Structures are given as C-alpha cells and as structure tokens.
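Coordinate inspection notes
Read off the chains here:
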2 protein chains.
Amino acid sequence: MTLMPSNKALVPFVSVANMMKLIHQIGISECLVQLTEAVETDFRRWPEFDKTPRVASHSRNGVIELMPTSDGVQYAFKYVNGHPINTRAGLQTVSAFGLLSDVATGYPLMLSEMTLLTALRTAATSAVATRALMPHGARTHAMIGNGAQSEFQALAQSAVNGLDIVRLYDIDATAMQRCARNLRAAGLKVLEWPSPQDAVLGSEIITTCTADKQYATILTDNMVGAGVHVNAIGGDCPGKTELHRDILMRSDIFVEYPEQTRIEGEIQQLDADHPVTELWQVLRGEVPGRRDERQITLFDGVGFATEDFSALRWLYGALREHDCYEMLDIIADPDEPRDLYGMLMRAGVQSDRQQAANLPSSTEQ
Amino acid sequence: MTLMPSNKALVPFVSVANMMKLIHQIGISECLVQLTEAVETDFRRWPEFDKTPRVASHSRNGVIELMPTSDGVQYAFKYVNGHPINTRAGLQTVSAFGLLSDVATGYPLMLSEMTLLTALRTAATSAVATRALMPHGARTHAMIGNGAQSEFQALAQSAVNGLDIVRLYDIDATAMQRCARNLRAAGLKVLEWPSPQDAVLGSEIITTCTADKQYATILTDNMVGAGVHVNAIGGDCPGKTELHRDILMRSDIFVEYPEQTRIEGEIQQLDADHPVTELWQVLRGEVPGRRDERQITLFDGVGFATEDFSALRWLYGALREHDCYEMLDIIADPDEPRDLYGMLMRAGVQSDRQQAANLPSSTEQ
C-alpha cells in the first residue's frame, strides 16, 4: 500500500511551461491552423452545444468570468479575468485556465493553463470569421491595438488567410515597436503608422484589439471604406466598445452568440433587436456571408465558451503525441467510493506509520 | 535566465494527499469546528456576497455544476459533479475542486481539491443550521443514508452540537456497517437499525443524506414526531427529493438561498410562494429560529456557493501554518505584461539553448 494516488485520481495538467513547450514542438503557425479548423468544426455543429452567456462577476477593477459549455459528450469551462488596470502592476490584463471533463462521469479529463491558449483560440476565431467574410484576394491587415493578443491575431491571419502585410497602430509607441519586431521576426511584412487613419488606409481587413474598459472610438465612420472586413475583438464587456455607432449602422454584423454579444459586444450600442447574423449559420452555408464587393462585414467577436471547448479538445488530442503535461492529484479516489472517510483515516495511519518508520529506533508492526 | 516560472505565476495547489495531511495535522473534529465557525461567520455577512444560483449542466447520468460567489474582496468558485451512477463503476458520486482568487487583480490565490473539503463544509453547514434550530438538550441523531458524506455529518454534529448518539439506517447494510465501524472508531455511540422507522424513533435530530436521483420518500409523515429538527441534505437537484410532501407542510422550513433551493431542494415539491426562512436571517438574529418545543424545524440544505467560499478561505488561512501545498505553474507571467508572444518565443530560444547545452560537443554561445 502506498500514499500515492491511483490512476483514476490523477488528472493531466498542462502548465504554462508545458504549453509553451507544446507550441514550440508543433510550431505556432501550425497550432493556429489546427485551432482554426477545430474552432470552425465546432461552430458547424453549433446546435449540439449547451450554451449560456458567461457568468460574470464585475468589480471596480475588472471582471472574473466562468465560461461553461458542453456537447453532451464532453464539458469544458474556462476561468478568465479581465483587469485592464493590471498592466500598471506588471500583471496580465487577461489570465485564464480551464478544464475539460467527461459528461458521463463528471470526472475531469484535463486541466490547463489558458492564458496562452486563449490568445491562440481568439486569433483562430478571428481567422475563422475572416475566412468566411473577407473580400476576395485580400492581402493587407490593419491592426489597431498592439497589446498581448496582437501578434497571435496577425500570425493567424497570415497562416490561415494569407494576410502577409500588417499595418500597425497603437497609442503606445513602445507596444507598436514590440509588436512590429516580433512580427518581422516571424516573416511578416510590417508597417508602423502614426495614426489609426494611416494604418487602416488601403487595408482590406481591419482588426481592433484594444483593452480600455470604456466606450472608446478607436475607429470613426470616415475611416472605414466600402468592401472591408472588420474584426472588433477588444469590445468584450459592458461599457467597453471600440467602434463608432455609425460604422455599425453601415455594416452587416456577424456574431458568435447573440445573447452574450448584445450584452458585451459593439452591438451593446444598438437597439436590442438590431439584426445580426450568427457566424455558425454562415459556416454551415445556411445564410450568406459576404454578398458583394462594397459591403462592410463586421465580426463583433467577444469570445464564446465553445471556442474554449474547441481549444481544450484540440489540446487534449495533442497530448497524445506530445509529452507536455504532468499528472495532478486533484480527485479523491477511495477504493470503495462510499468510503471517503475511510480513505482519509487510512491515509492518517499510513502517515503515522511512515513517520514511525523514519524514526531510527522504531520497527514496523 | 531560467525557464522556471516567477513567483507571480505560481499558485498554491492543495492536492488530495495534502488535504488529507492537513486534516490529520489539525484533527478532523477541530477542522469541523473551525469550518462551522467559518461558514456561520460568512452567513452572518450574507448581504455582502454576490449571489447567483449555481450554473448546472444536466445530462442523463448526472450534473456538472459551477458555483461562484464573491464578497467583493475575494472570489471563489467550485466545480462539482453529481453522478449517482458512478459508484457502479467504482467512482465517486461527487467529486470537486475549487479556486480562491483576488477580486482586485483577478489572479488565482489558491487551487484545491474539494471532494474532501465539500464533505467537511457540508457537514459544517448542517452543524450551523442544527445549532440554530435544534431542540434544547438534544443528544440523539438519526442518519438515514450512510454514504460518503455520512461520517462527516455525524462527526460535525458530535463535535459542534454534542450529538453523541447516532442511529443509522441505510438500504445497503454494507454501507451502514462501514459507517458504524468508522464512527465507533471515532468514539461515538452508534446503533444500527433495520428500517428508517426504527432509526428515527426517539431521535431529536434527523439527517437524510441519500443519493438517488429521483423523487424518493425516505421519510414519511408518520415517522416525524413533534419537536424534532430535520436536515434534508440529499435532495439537491431537480427531480431529487427525500421527504414526503406532508412533512414539509407540517414544518417550518429554513433554506440557504431560496432562488436555488426552490429549484433543487425538498421545496421543489411545494408552491413557488410557500413561505421559507433564510438561515442567515436566523443567524443574524433578525428572525426567530425555533419558537417552541413541538415545532418541527427543517433545514432544506442543497449546498450554496458561500459555503465553498468559506471553506476555501479557511483552507487558505490554514496553509499559513501548515505546509500542505505545492506551487502550480498555471498563470502566464511575461516580464512585460503586453509581451505574451515574446515570452513564448524566448521560451523556445531557451529551450533550444538548453538542448544545445546538453549536447556533449556543444558550447554555449
């Protein structure tokens, strides 16, 4: 007998160090391509998912959210915070972890860091929406807001949609320079601009990805020309938007889950019955996406639980070929399931015996 | 430079083995006494909590739930499943883990197993309700249902409320014998009975704690005499109750959080406006608890998020004096918070360098 937990009790855990190792083993562009397929595949089977708006706990500094979903076979949830003020203290604005579990038993299958994985899946989701909606032959991608998510967004658009030319703008020149350096090192053609107007000029795809928790106007109406596709990623909680209302009124708006987006997305500025199209319907071919060359398509992305589900399932599959996890003793597993108390008591006896065995003069009974 | 995560990125984690070690270091009765105080203290400041019914995902075999709450300073949630069918496969009916985090930053403070901790806090909550509502001078406690929670319930009632005589009944004689053996070893006076009628006869406190997911009738009206206090613990999800409706009609009913209990508790059998009293109001002295010697008081306990919050806070405090945790690398922590991508890339370079350094013929550049 041993104090070591049994296999049933152990849950694979992907630490931040192991997540980084996994991404390097697979390659970040390949990760983004695979995640884009994983996210799109699950969007195409949207009706199979048990969906609910995320459960948010708001406070003065930010928000803590739980994002659960299930396809009836597996269940996933993510814990994620959003605290724009955190960067002042040298902390992440967004940090996250999540769990995949088995619906039949309720037992966890895998626990994982999700700060990095969220950055990857958010970029993959933008790539899914852009692939479905962008104008034909697009090459140029303007990125307004060059924070922690920006390189992932640009790399996904390059790897999945061939958007090799990136035009950057950030109010913080240091952030823009860092993003430019990182993306050039990854082989993209990068241009830095002194204003958002300059950055979006001639861009076929525009991604806004800023972090301030306020009604901001990162893009005004005159900046967005006919025929472009916009990914509005940064507006993702009540009181936090990035686009002028007039842009929304000129656009065809595509969303993940209207019940959540109307609370959190750009469309919180619009009437509750303003028409929007659900992205999954476009991906299944049930409704048209882009209809003509002059149409402005807008993906009002706030991040939805199914995307985390897709990312965790992808990760769980990847662990079969990559030894990038450790085993965590997080599930109590008594020999006899109703004897939880007995397991606890026997552990004490074993502990005492082990201590006794370590005493020089003792002999085991 | 090192690949090791920084302190900011590491979160204390209490494994099952460490939870058992902690309980043995403190002593299980002392743990239950301390948890009873922790749970009652937080019930007394009920209005400070951000409350929501738990978020449940139901399936054929069971339910997976998330239970979040916050007092504005700290935030906690628990992941818990309830799968009565699991025991057939040698798995726990209920397994759980949870998190305590800091509202100001959204960063996790501690991750912990909660299968054992839930058993402790559920018992502590019964002890809180019983202390407030039981008849004067009670000594005898009938326990109907002798599964994984039963020993914890009996020990808490003994340690907190002096209920030293325990009368047991379970439909499964093996479970009853196991519970009896465990409780005798803990110093309680234990009697085993062939029927629930026999077990409750002459008992001043009755606890029902069975696990079947169905409308059951563990207690019928004629079995419950005047003046007793009943803890109905096992009825805790839609379609799962333990008491005959007539008992409810004769009782004064006390609940944790009516919005949740009306969905999950015994009172799902009653009209939506049937009067109930919130336990916290009794504990604060705002409304009377037991008013006379013939009254039947019924605590319709379903388990609420504040109890998990109390338990996690208690545990977090206990870790200051007990070295019963390990550090988990679950939060990405770049040197520059907006440079998540740079952190990822540098990890790859370090990894390559480490590999290179391990090659016999290489020299570090």
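Residues numbered from 1 in each chain as written. Chains lettered and ligands numbered in written order. Predicted model: local features only at pLDDT ≥ 70, side-chain atom pairs only at ≥ 80, totals over all residues. Heavy atoms only, no water.

**A closer look at the overall build of chain A**
Within chain A one finds 11 helices and 17 strands. Across its three principal directions, the C-alpha atoms of chain A cover 85 × 40 × 40 Å. Within the span of chain A, comprising 365 residues, buried residues form 62% of the whole. By sequence separation, contacts in chain A at least 24 residues apart represent 72% of the contacts at least 6 residues apart. Surface exposure of chain A reaches about 13,900 Å², of which carbon and sulfur atoms provide 49%. Chain A carries 31 positive and 46 negative side-chain charges, and their two centres are separated by 3 Å. (Helix = DSSP H or I, 4+ residues; strand = E, 2+ residues; numbered from the N terminus. Buried < 20%, exposed > 50% of the residue type's maximum accessible area, 1.4 Å probe, protein only. Contact = heavy atoms within 4.5 Å. Areas by Shrake-Rupley, 256 points an atom, 1.4 Å probe, with all protein chains shown as cover. Lys, Arg positive; Asp, Glu negative; His and termini not counted. Charge placed at Lys NZ, Arg CZ, Asp CG, Glu CD.)

**Focus: the packing of aromatic side chains**
Per the counting criterion, the structure on display carries 23 aromatic pairs over all chains. Where A:Tyr79 meets B:Phe77, the ring centres are 6.0 Å apart and the plane angle is 20 degrees; that geometry is what we call stacked. With one member in each of two chains, A:Tyr79 in strand E4 (residues 74-82) and B:Phe77 in strand E4 (residues 74-82) form a pair that bridges those chains. In terms of burial, A:Tyr79 and B:Phe77 fall into one category: buried. A ring pair is formed by B:Trp46 and B:Trp280, whose centres lie 6.3 Å apart and whose planes are at 15 degrees; its orientation type is stacked. Of this pair, B:Trp46 sits in the loop between helix H2 (28-44) and strand E2 (55-58) while B:Trp280 is found in helix H9 (residues 279-283), placing the two residues 234 residues apart along the sequence. The buried category is assigned to B:Trp280, whose relative accessible area is 11%. An aromatic cluster of at least three residues, connected via ring pairs, comprises A:Tyr75, A:Phe77, A:Tyr79, A:Phe97, B:Tyr75, B:Phe77, B:Tyr79 and B:Phe97. (Phe/Tyr/Trp six-rings, centres within 6.5 Å; stacked < 30°, edge-to-face > 60°.)

**What to know about the domain arrangement of chain A**
Residue and element names in this part refer to chain A. Partitioning chain A into domains gives domain 1 (7-116 + 308-329) and domain 2 (130-303). In this structure, domain 1 and domain 2 have C-alpha centres spaced 23 Å apart. In this assembly, 23 residues from domain 1 lie in contact with 22 residues from domain 2. Summing both sides of the interface, domain 1 and domain 2 together bury roughly 2,100 Å²; the carbon and sulfur share of this comes to 64%. Among the residues of domain 1 in contact with domain 2, Phe43, Trp46 and Arg54 are the three that bury the most area, contributing 27% of the side total. (Domains from an automatic or database assignment. Buried area = accessible area lost by both parts, 1.4 Å probe.)

**Considerations on the pattern of salt bridges**
Residue and element names in this part refer to chain A. Within this structure, the stated rule accounts for 42 salt bridges over all chains. In this structure, the salt-bridge partner of Arg346 is Asp339, at a minimum N-O distance of 3.4 Å. The class of Arg346 is partly exposed, set by a relative accessible area of 32%. Assessed through its relative accessible area of 7%, Asp339 is described here as buried. (Salt bridge = Lys/Arg side-chain N within 4 Å of Asp/Glu carboxyl O.)

**Here's the deal with the interface of chain A and chain B**
Much of the literature gives interface size as the accessible area that the parts lose upon coming together. Each partner contributes to the interface: chain A provides 75 residues, whereas chain B provides 75 residues. Both faces combined, the contact of chain A with chain B buries some 6,700 Å², and carbon together with sulfur accounts for 69% of it. Of all residues in chain A, the largest losses of buried area upon contact with chain B belong to A:Arg338, A:Tyr341 and A:Leu344, amounting jointly to 11% of the total for that side. Seen at the junction of chain A and chain B, the total is 4 salt bridges. The salt bridge partner of B:Asp339 is A:Arg178, with a shortest N-O separation of 3.3 Å.

**Some words on the environment of A:Ala159**
Residues and elements named next belong to chain A. Mapped onto the secondary structure, Ala159 falls in helix H4 (residues 150-161). Look at Ala159 and you get partly exposed, because its relative accessible area is 32%. Sequence separation between Ala159 and Met110 is 49 residues; the distance between their C-alpha atoms is 28 Å. Those residues in contact with Ala159, other than ones at most four positions away along the chain, are Ser29 and Val33.

**Here's the deal with the sheet that holds strand E14 (residues 251-255) of chain A**
Residue and element names in this part refer to chain A. Pairing in this open sheet of 8 strands is parallel, and the strands run E9-E8-E7-E10-E12-E16-E14-E15 from one edge to the other. Two strands lie at the open edges of the sheet, namely strand E9 (189-192) and strand E15 (277-278), each paired on one side alone. In the sheet, strand E7 (residues 140-144) pairs with strand E8 (residues 165-169) via 5 bridges, with the strands oriented parallel. Bridging from a neighbouring strand, Met143 pairs with Leu168 of E8. Each of strand E10 (205-208), strand E12 (229-232), E14 and strand E16 (296-300) is contacted by helix H3 (residues 115-133), which is oriented at about 160 degrees to E12, the strand it contacts most. Seen against the sheet, helix H5 (residues 173-185) touches E8 and E9 and runs at an angle of roughly 165 degrees to E9. (Pairing = 2+ DSSP bridges. Axes fitted to C-alpha atoms, helices over the stretch in contact; angles between N-to-C directions.)

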